[in-house]
Amino acid sequence: MLGATNGSSTSVWMDTAAVPVFPPLAGDLEAGVCVIGAGIAGLTTAYLLAQEGLDVVVIDALGVGAGETGRTTAHFFPPDEWYGGIEHRFGAAQARLVAGSYAHALELVEGIVRREHIDCGFGRLDGYLVGAYAPRADGIVADSTAARLQHERDAAVRAGVAADLLPAVPGLDVQLGPCVRYPGQAQFQPLQYLAGLARAFSARGGRIHGATHAHRVRGDHRRQVVATDRGAIRTKAVVVATHTPFNDRVVMHTKQAGYRTYVVGLRLPRPGVPRLLLWDLGDPYHYVRLAQDGAGNDVLVVGGADHKTGQDAHPAHRYDELERWARARFPMALEVAWRWSGEVMEPADGLPFLGRNPMDDENVYLITGDSGNGMTHCTIGAMLVTDLIMERPNPWSALYDPARKPVHGFREFAGEQANVMARYGEWLTGGAVDSVHAIAPGEGAVLRDGLRRIAVYRDPQGALHALSAKCTHLGCAVHWNGAERSWDCPCHASRFDTEGNVLHGPAPTALARVELRADAAPLPRERRSGARRGVR
Ligand SMILES: Cc1cc2nc3c(=O)[nH]c(=O)nc-3n(C[C@H](O)[C@H](O)[C@H](O)COP(=O)(O)OP(=O)(O)OC[C@H]3O[C@@H](n4cnc5c(N)ncnc54)[C@H](O)[C@@H]3O)c2cc1C
Ligand code: FES
């Protein structure tokens, strides 16, 4: 079963999948390729490389599916900028290239599921894009919404996608107005898919090690050494598939930003809701699909309510907001049985970063910047990186090149940089509380201590756990995340557990521990412990 994950909430997938657990690395080893990260990006890449006959080892700080792939909602759907947005930024020819890569990714996943007999509920189904407004009895929508939907449908068709415009979503009682239909999208149970990939990879001789945290990648164009807390891996090529790269200190983190996104799973009566994928034009948008609980009953899975990571200490209200949204559209829904959250990395220009790590040796590769399309983007990334390692041309390598400049999303790029700079100013302002006495059991808050900021968590038994609030990536002050009981960095989306261990990069190491005096005031010296604390 799934071991530790990178948050304290539990997704419907975690409750309904059996995921194999792999032992940690036991000392140094040699491998043809080292893949870091056992989410959909890493395991798909490892599987494809093993099929090519390469000797591949996968390591993960936690385990298979312990990252965002265990928290996803696993829609295969159009780019979440929609085709209109992609065409506007990159032009019609590139939008066609994007659509082609999406179709290939879906065919690849479908082929793997069939070939490897992976029982993950994979199925094709239609997806619908609707306006972002409350349902109306008359179904009439504003002209601007109708025009946006028409524009999106036309752009999708120009990109080669068989989209059409319908007056209403078929099979739904509630009037959501006109919609764009995208036929032949897909969904699956993401952790069952990963479990199947891991087994298929192992059956081809691939090695997987869990509980193995990589903290450095160094070498040259012939040989790389991945330093981990369990030993060193000497290899010809490295694929960093860690959702956001930990081996790149600055460059990639100016091109993408981390956002938290929230999901509720509501039980449904039978017959309840037709099988469909649904999204709205909101910003952030809502996303809907069905899943099954352990007994095979339908669950309505509704996501959205995103915000920048580290910029909402008490996000529980976002679950309530999603529930209200769901009940207004699906009045038959029963109780909320799941609530979980996760992180998406939003690229400034809307396209992922797949390929060689910029300003590095040519044998270090990245898969990151997935936005809300990680199922598709990570699969494209796996195909693309496999071609680069096999020294074959790939039709999408320039389109998704991590070294591209953010010229197509410059406004977003500049806005995110301004947001990050504002966060550094927090060192000059007060903490969230003046005294640890203001922190309730099960809660955390940042305390000011002269020029220092102390991140203090009071556990349910009342004991205090104090850490330096200084993020080990580039020094922003972390903020409390009450939904996941973690310390989240508002600058580049690192996350730490209440003991300071890294849950999500790019932070390379744990937050430093701080001793508290008997009266709960911080002692002057921070106590730092070793590299083993880099991982939970
Ligand atoms: C709520 C939610 C809903 C979403 N919905 C959709 C959707 O409907 N469709 C869609 O396409 N996408 C969706 N996404 C996005 C998608 O889930 C992600 O983009 C995708 O799962 C990322 O996969 P990954 O393999 O890159 O990263 P992960 O699954 O996070 O895997 C990375 C792995 O790397 C490991 N790791 C990290 N650092 C280190 C290190 N230093 N050393 C060793 N191991 C390390 C982690 O433990 C982790 O297991 C959603 C995301 C969320 C959170
Ligand atoms: S993630 Fe960059 S400073 Fe924290």
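Residues numbered from 1 in each chain as written. Chains lettered and ligands numbered in written order. Predicted model: local features only at pLDDT ≥ 70, side-chain atom pairs only at ≥ 80, totals over all residues. Heavy atoms only, no water.

Considerations on the overall build of the chain
Broken down by element type, the chain carries nine helices and 26 strands. Relative to its length of 536 residues, the chain is compact, with a C-alpha radius of gyration of 23 Å against a globular reference of 24 Å. Each principal axis of the C-alpha atoms in the chain carries an extent, and together these give about 65 × 55 × 50 Å. The 536 residues of the chain split such that 60% are buried. For the chain, restricting intrachain contacts to residue pairs at least 6 apart in sequence, the fraction spanning at least 24 positions comes to 68%. In the structure as shown, the chain presents an accessible area of about 20,300 Å², 53% of it carried by carbon and sulfur atoms. With 55 positive and 58 negative side-chain charges, the chain shows a separation of 4 Å between the mean positions of the two kinds. (Helix = DSSP H or I, 4+ residues; strand = E, 2+ residues; numbered from the N terminus. Rg over C-alpha atoms; globule rule 2.2 N^0.38 Å. Buried < 20%, exposed > 50% of the residue type's maximum accessible area, 1.4 Å probe, protein only. Contact = heavy atoms within 4.5 Å. Areas by Shrake-Rupley, 256 points an atom, 1.4 Å probe, with all protein chains shown as cover. Lys, Arg positive; Asp, Glu negative; His and termini not counted. Charge placed at Lys NZ, Arg CZ, Asp CG, Glu CD.)

Observations regarding the pattern of salt bridges
For the structure shown, the criterion picks out 23 salt bridges. The partner of R181 in a salt bridge is D164, with the nearest N and O atoms 2.8 Å apart. With R181 in strand β6 (residues 179–187) and D164 in strand β5 (residues 164–166), this residue pair connects regions lying 17 residues apart in the sequence. With relative accessibility at 22%, the residue R181 sits in the partly exposed group. (Salt bridge = Lys/Arg side-chain N within 4 Å of Asp/Glu carboxyl O.)

Describing the confidence of the model for the chain
Residues with a pLDDT of 70 or more make up 91% of the chain, whose mean pLDDT is 92. Within the model, pLDDT remains below 50 along residues 526–536, and this stretch shows 37 contacts once partners closer than five positions in the same chain are excluded. (pLDDT = per-residue confidence, 0-100.)

As for the packing of aromatic side chains
For the coordinates displayed, the defined rule picks out 14 aromatic pairs. With 5.5 Å between their ring centres and 25° between their planes, Y457 and W480 make a pair best called stacked. On the criterion of sequence distance, the pair formed by Y457 in strand β19 (residues 452–458) and W480 in strand β21 (residues 479–481) is long-range, its members being 23 residues apart. The class for Y457 is buried, based on a relative accessible area of 6%. Ring pairing ties together the aromatic residues F77, W82, Y182, W279, Y285 and Y287, which thus form one cluster. (Phe/Tyr/Trp six-rings, centres within 6.5 Å; stacked < 30°, edge-to-face > 60°.)

A word on the sheet that holds strand β24 (residues 502–504)
The antiparallel open sheet is built from four strands, whose spatial order is β21-β22-β23-β24. Two strands bound the open sheet, and with one partner strand each, they are β21 and β24. With three bridges connecting them, β21 and strand β22 (residues 486–488) associate as antiparallel partners. Counted as the bridge partner of N481 is S486 from β22. (Pairing = 2+ DSSP bridges.)

Quick look at the site of ligand 1
Close to ligand 1 lie 40 residues, the nearest being D60, E68, T69, H75 and M375. Here an oxygen atom of ligand 1 sits 3.3 Å away from a polar atom, N or O, in the main chain of A74. In isolation ligand 1 has 1,000 Å² of accessible area, and contact with the protein removes 96% of it. Those elements that provide at least two residues to the shell around ligand 1 are α2 (40–51), β11 (256–267), β15 (336–347) and α8 (374–389). Ranked by residue count, the leading element in the shell around ligand 1 is α8, at four residues. (Near = heavy atom within 4 Å. Polar contact = N/O pair within 3.5 Å; in protein donor to acceptor, adjacent residues only side chain to side chain.)

Here's the deal with the domain arrangement of the chain
Along its sequence, the chain is carved into domain 1 (18–72 + 191–254 + 350–409), domain 2 (121–187 + 259–343) and domain 3 (429–534). Here the C-alpha centre of domain 2 lies 31 Å away from the C-alpha centre of domain 1. Across the boundary between the two partners, domain 1 contributes five residues, which contact five residues of domain 2. At the boundary of domain 1 with domain 2, total buried surface from both sides reaches about 410 Å², with 38% on carbon and sulfur atoms. The largest contributions to the domain 1 side of the interface with domain 2 come from E68, R71 and H243, which together make up 73% of the buried area. At the surface where domain 1 touches domain 2, the tally comes to zero salt bridges. There are three residue pairs in polar contact (both at pLDDT 80 or more) connecting domain 1 and domain 2. Of the residues that constitute the side of domain 1 that touches domain 2, the class distribution is no nonpolar, three polar and two charged. (Domains from an automatic or database assignment. Buried area = accessible area lost by both parts, 1.4 Å probe. Nonpolar A, V, L, I, M, F, W, Y, C, P; charged D, E, K, R; others polar.)

So, the environment of P284
Mapped onto the secondary structure, P284 falls in the loop between β12 (277–280) and β13 (287–292). Look past the residues within four positions of P284 in its chain and what remains in contact with it is A305 and D306.

Regarding the pairing of β11
Taking burial as the measure, the twelve residues of β11 include ten buried ones, the bulk of the element. Here β11 pairs with β15 via eleven bridges, running antiparallel. Bridge assignment links A257 to a residue of β15, and that residue is E346. One ladder, built from eight bridges, connects β11 with strand β14 (residues 298–308); its direction is antiparallel. The residue of β14 that forms the bridge with R267 is V299.

Things to note about the nonpolar core
Counting residues in hydrophobic clusters, the biggest one holds 90 residues, and the most contacted among them are Y182, F188, Y193 and Y400. Both domains that furnish three or more residues to this core are identified here as domain 1 (18–72 + 191–254 + 350–409) and domain 2 (121–187 + 259–343). Ignoring anything within four residues of it in the chain, the contact list for Y193 reads I40, V109, I112, V113, I118, C120 and F188. Core analysis: the next-biggest nonpolar cluster, separate from the first, contains 27 residues, V264, V288, A305 and A483 among them. (Core = buried A, V, L, I, M, F, W, Y, C linked by side-chain atoms within 4.5 Å.)

Quick word on the packing of α2 against helix α4 (residues 92–115)
Where α2 contacts α4, the axes come no closer than 13 Å and their chain directions differ by 70°. The angle between the axes of α2 and α4 places the two elements in the roughly perpendicular class. Crossing hand, α2 versus α4: left-handed. Residues T44, Y47, L48 and Q51 of α2 lie in contact with α4, whose contacting residues are L108, I112 and R115. In terms of residue class, the contact of α2 with α4 is built from four nonpolar, two polar and one charged. (Axes fitted to C-alpha atoms, helices over the stretch in contact; angles between N-to-C directions. Parallel < 35°, antiparallel > 145°, perpendicular 65-115°, else oblique. Left-handed = near helix turned anticlockwise from the far one by under 90°.)

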